[in-house]
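# Close look at the chain arrangement
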Amino acid sequence: MSETTPIAIEVKGVRKTFRVKGGLLGHDRHVVAVDDISFAVPQGGVLGVVGESGCGKSTLARLILGLLPPSAGEITVEGQRVLTMDRKARARLIQPVFQDPFASLNPLARIRDIVAMPLIAQGSFSRAEIARKVAEMLERVGLSAEQGTRLPTELSGGQRQRVAIARALVLRPRIVVCDEPTSALDVSVQAQILNLLAELRHDLGLTYLFISHNLAVVEHVASDVAVMYLGRFVERQPTEALFAHPEHPYTKALLASVLTPEPGLGVPDVGLGDTLPDPANIPPGCRFHPRCPIAEPRCAVETPPFKARPGGGVECLLVL
Amino acid sequence: MSALLEIEGLEVEFGRKLPTAAVRGASFTVERGETHCLVGESGCGKSVTALSVMNLLARGARRRATKLAFKGNDLLGLSDSGMSRLRGNEMAMIFQEPMTSLNPAYTVGSQMTEVLRRHKHVNQRAATDRAADLLARVGITAPGLRLGQFPHQLSGGLRQRVMIAMALMCDPQLLIADEPTTALDVTVQAQILRLLATLQRDLGLGLLLITHDLGIVARIATRVSVMYAGEVVESAATADLFAGPKHPYTQGLLRCVPAPGKIRRDQPLGSIPGTVPRIGPAFAGCAFRDRCGFADESCAHTVPLHTAGPTHEFLCRLPA
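For the structure given in this document, a descriptive report is provided here. None of these values were measured; they are calculated from a predicted model.

To continue, consider the overall build of chain A. For chain A, the helix and strand inventory stands at 9 helices and 12 strands. Residues counted as buried form 49% of the 320 residues belonging to chain A. For chain A, long-range pairs separated by at least 24 residues make up 65% of all intrachain contacts whose partners lie at least 6 apart in sequence.

Turning our eyes to something else, we now look at the environment of glycine 274 of chain B. All names here are of chain B. Along the chain, glycine 274 turns up in the loop between helix H11 (248-256) and strand S12 (305-309). Remark: the alpha-carbon pair of glycine 274 and aspartate 290, spanning 16 residues in sequence, is separated by 8.5 Å. Excluding residues that lie within four positions of it along the chain, glycine 274 makes contacts with Asp290 and Arg291.

All names here are of chain A. Read across the open sheet, the 8 strands follow the order S6-S7-S8-S3-S9-S10-S12-S11; overall the sheet is mixed. Where the open sheet ends on each side, the last strands, each with one partner, are strand S6 (94-97) and strand S11 (306-309). Strand-to-strand twist across the sheet, computed as the mean angle between neighbouring axes with direction ignored, equals 20°. The pairing of strand S3 (residues 46-50) with strand S8 (residues 207-212) spans 5 bridges and is classified as parallel. Within S8, the position partnered with leucine 47 by the bridge is leucine 209. Running at roughly 170° to S6, helix H5 (residues 157-169) makes contact with S6 and strand S7 (175-179) of the sheet.

Our focus in this paragraph is the nonpolar core. Nonpolar side chains in soluble globular proteins tend to end up buried together. Core analysis: the biggest nonpolar cluster contains 191 residues, and Ile64, Val115, Ala166, Leu209, Phe210 and Val227 of chain A together with Tyr228 of chain B have the highest contact counts within it. The element contributing the most residues to this core is helix H6 (residues 187-204) of chain A, with 8 residues. In contact with tyrosine 228 of chain B, not counting residues within four places along its chain, are Gly40, Cys44, Val233, Tyr249, Val276, Ala287 and Phe288 of chain B.

Across the contact, 42 residues belong to chain B and 40 residues belong to chain A. Looking at the side of chain B that touches chain A, the elements with two or more residues in it are helix H8 (186-203), helix H9 (214-220), helix H10 (238-243) and H11 of chain B. A per-element tally of the side of chain B that touches chain A places H8 of chain B first, with 8 residues. Taken together, the residues of the side of chain B that touches chain A break down into 21 nonpolar, 15 polar and 6 charged.

Right, let's talk about the pairing of strand S5 (residues 67-70) of chain B for a bit. Residue and element names in this part refer to chain B. Burial along S5 is one-sided: the residues Leu68 and Phe70 are buried and none of Lys67 and Ala69 is. Examined bridge by bridge, strand S1 (residues 5-14) and S5 share 4 bridges and lie antiparallel to one another. Among the inter-strand pairings, isoleucine 7 is bridged to a residue of S5, identified as leucine 68. For S5 and strand S6 (residues 73-74), the ladder comprises 2 bridges, and the chain directions are antiparallel. Residue pairing across strands places phenylalanine 70 opposite asparagine 73, the latter belonging to S6. Following S5, the chain reverses through 2 residues before pairing antiparallel with S6; lysine 71 in that reversal takes a positive phi of roughly 50°.

Quick look at the environment of alanine 218 of chain B now. In this fold, alanine 218 of chain B is placed in helix H9. Distance in space between the C-alpha atoms of alanine 218 of chain B and threonine 238 of chain B is 6.6 Å, their sequence separation being 20 residues. Beyond its immediate stretch of four places on either side in the chain, alanine 218 of chain B contacts Pro261, Glu262 and Pro263 of chain A together with Thr238 and Phe242 of chain B.

So, how was this worked out
- Residues numbered from 1 in each chain as written.
- Chains lettered and ligands numbered in written order.
- Predicted model: local features only at pLDDT ≥ 70, side-chain atom pairs only at ≥ 80, totals over all residues.
- Helix = DSSP H or I, 4+ residues; strand = E, 2+ residues; numbered from the N terminus.
- Buried ≥ 20, exposed ≤ 12 C-beta atoms within 10 Å, placed from the backbone.
- Contact = placed C-beta atoms within 7 Å.
- Pairing = 2+ DSSP bridges.
- Axes fitted to C-alpha atoms, helices over the stretch in contact; angles between N-to-C directions.
- Core = buried A, V, L, I, M, F, W, Y, C linked by C-beta atoms within 7 Å.
- Nonpolar A, V, L, I, M, F, W, Y, C, P; charged D, E, K, R; others polar.

Here's what the structure looks like:
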């Protein structure tokens, strides 16, 4: 991506904390879901964000979609502050695709009505225009006109995810936030959906923020990958560089946990131990140190500095 | 000595007006101390096969087989009470979504001890001790604390560990695991599969593992049966299957597994177009023919069984 490519998504020093009620006698706790993150995605780029459950990746998605206000910092999409944008204009610019196509589609509405909803909500399209745009978009994502007359329950998981993609794209947005779009699907269907998303990005010139817990899934679609741990990007690199030379021990653990079809290798010991990350109780020093297989005593005390790399950087005391 | 679990010519049908054949003549065995993987896409009949072994099929399902035996004893003619004595005792099962299979209203401890008190008639104290031992065995720290907790207080990975510990309470010889890691993060998936492999080896269990992911199969299975539209279309020892997959469906499934570092960014990922068809009892020919790149007219009639080695069989017109 050249220096002159305009920026599609810009996130500056964004922080998001939630207050969790402590119950009858307990104290309220503060959960830091996103902790001072800054990045930019150029137009036509795809940033893959990878991390485990609870690392804050879905909160980040909702902040960028303008569904949540940040506690600090600023988010702009195509140069406009996402929070103060008019809702209809925002819907024409940025759209989500969520994980669970079973939960995100109205079970009582026909497919073509589900896909038409964003157009109807705009209030400026004629019936004929809506019908035409819906038919075009259904065909574009590989669904037949006949499938448009069915209910979500009559479709398979992969077909439902196609419906969710059609609904997201029917207003022709410039940016799509995909939050685990294939996690609920079989591997065979996952490949179909990843191919469709890659093809649509290319043909329609879209920018994606693509979230997954599986590094292997983002490799094909992402131009850059950010690895998120307890609210921070601990490593970010262009995709080829990250897969060729992962630096952060957490990135290496995520890569090691991908089960490639190679018999005889057995199930790897990922080396992360059993301590699960708790966003309400972020460890001092390096936040990854309690699970890190190579941690040293200083990792529990010193905050790791950001070490720049071409197109990204890494936050670890132990890398050069 | 007869195999631990023998299934021969298993047929399962649902529905009266428009009958669906969910399992069509499936045959395989699970030996003591081996991990047999049943692999295929959603809707291929793998879960129904597992449920029909446990006699847990939904009301209205019709189960037939030439043979269905556990340790040489017939299961088909077994009474409901006879089956209840086996289930949870000598044969146990764990499911994909631990949250829906654990009772939210009871503590982990009371659910774990119930199964032992029911089958083995031991007192509460001894049962609690065994539950604590097993929780430690599946890698849960502070088992005493966990026994007093409710399922919603546990993470997804912990819940699945609890499910595994619970299944082991009565020392089963056969463990059926239906997509035990599909709802989990990849890091936790690797940990749970590693745990299952260790337990299987140390306890000499017969493990029947159901999955849609050939990456998992490669790392954990002794033998593999690939299911498609209710039929076992290919069956082989793991090393043989991955060294030379014969059925076009198996080859397709293998291409779908993402392997980091091996993806050409400009090429689409391997995928299998379409979905598993729903077929009736009178269906003839190869059920994969509509999605297969090698199909010809003969595929609509007969499908010969070929052998590609002493224990490698597949159903396809193409020769080995």
